[in-house]
Amino acid sequence: MTRIEELARRLDDAALNACAIAQMDPENRLSIEEAYAIQAASIARRIERGETRVGVKMGFTSRAKMLQMGLSDVIWGRLTSRMQLEEGGTIDFASFVRPRVEPELAFLLKRPLRGNVTAAEALAAVEAVAPALEIIDSRYQDFKFTLPEVIADNASSSGFVIGPWNAPSTDVVNLGLALTIDGRLVQAGSTAALLGHPLRSLVAAARLSAAAGEPLQAGWIVMAGGATPAEWILAGQHVSVEMQHLGSASFHVR
Ligand code: OOG
Ligand code: MG
């Protein structure tokens, strides 16, 4: 087993067992390339277990998220079938290390999208847009990590819930959104927080995933990133996002 494979195994085991691990690179020696190689190797383990690739998630596309986590480079992670949770369904608190939730916008693609594309080209590849919730769960103790560490950990990706799909003609530039936990408003924001325009997140996803040799495919989902800081979630809670014009998405925590 190479060192990359060994680190990927550690992260994959931590996710499988819902058991935190120590930071693997506190002195920041891992390069960004090595970090993405670890991520790819950890996802390869999931694919070997029968999961299928369903898309890409973007991270740190809003100032709110950059400030909350103290990192400012846009990153991306790989989404697999097992991460998609049923809308309105129930998740098991015990299956996470220490989960957080954040409101996101999701794109569904109707055709491949690769390389340096314009916002208009990106929009032309969109089949539908939806309000969504991302459940992030760092495999490192206390959600503390360096940039290479969080990249290796698949950008903290753990689960996502997609609300109703809307026509791609829906203007998504500046939609108000509200994140509620047990009916209490915990975060309010706008899709404009996503790089000033959520399509820019899709443009970045097209460029970064093509550069990694895994261009965006028709049928894939792209999660555009958290529009507000993330919130801790606990067993017994009901979590919901309501997005202007698009509808809502929710789940229960058991
Ligand atoms: C890293 C993942 C960032 C987003 O939407 O910005 C992310 C983290 O916050 O743990 O998912
Ligand atoms: Mg996110």
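The following refers to the structure shown. (Residues numbered from 1 in each chain as written. Chains lettered and ligands numbered in written order. Predicted model: local features only at pLDDT ≥ 70, side-chain atom pairs only at ≥ 80, totals over all residues. Heavy atoms only, no water.)

1. A look at the coordination of the magnesium ion (ligand 2)
Quick reminder of the rule: A 2.8 Å cut-off from the metal defines N, O and S donors, relaxed to 3.2 Å for Na, K and Ca; water is not in the atom list, so some sites may appear incomplete. Labels follow the DSSP assignment, with helices taken as runs of H or I lasting at least four residues and strands as runs of E lasting at least two, numbered in each case from the N terminus. Summary of the burial criterion: residues with accessible area below 20% of their type's maximum are buried, those above 50% are exposed, and those between are partly exposed, where the area comes from a 1.4 Å probe applied to protein chains only.
For the magnesium ion (ligand 2), the full set of protein donor atoms is E102 (OE), E104 (OE) and E134 (OE), at a range of 1.9 to 2.0 Å. Motif for the magnesium ion (ligand 2), donor spacing along one chain: E-x1-E-x29-E. Within this pair, whereas E102 is found in strand β5 (residues 100-109), its partner E134 is found in strand β6 (residues 126-136), the two being separated by 32 residues in sequence. E134 carries the same exposure label as E102, and that label is buried.

2. Focus on the nonpolar core
Selection rule: Take the buried Ala, Val, Leu, Ile, Met, Phe, Trp, Tyr and Cys residues and link them wherever side-chain atoms come within 4.5 Å; each set so joined is a nonpolar core. In this description, contact between two residues means that some pair of their heavy atoms is separated by no more than 4.5 Å.
Among the nonpolar cores identified, the biggest contains 55 residues, and I75, L105, F107, L113, L202, L216 and V222 are the most heavily contacted of them. Of all the elements, helix α6 (residues 198-211) adds the most residues to this core, at 6 residues. In contact with L216, other than residues within four places in its own chain, are V56, L109, P112, L113, L202, A205, A206, S209 and V222. With 15 residues, the next largest nonpolar core counts I91, F96, L133 and V161 among its residues.

3. Quick word on helix α1 (residues 3-17)
Selection rule: One less than the residue count of a helix, multiplied by 1.5 Å, gives the span that helix is expected to have.
For α1, with 15 residues, the first-to-last C-alpha span of 21 Å sits near the 21 Å given by 1.5 Å per residue. Along its buried surface, α1 packs onto α2 (32-48) and α5 (147-152). A18 occupies a position one or two residues after α1 and carries a positive phi of about 50°.

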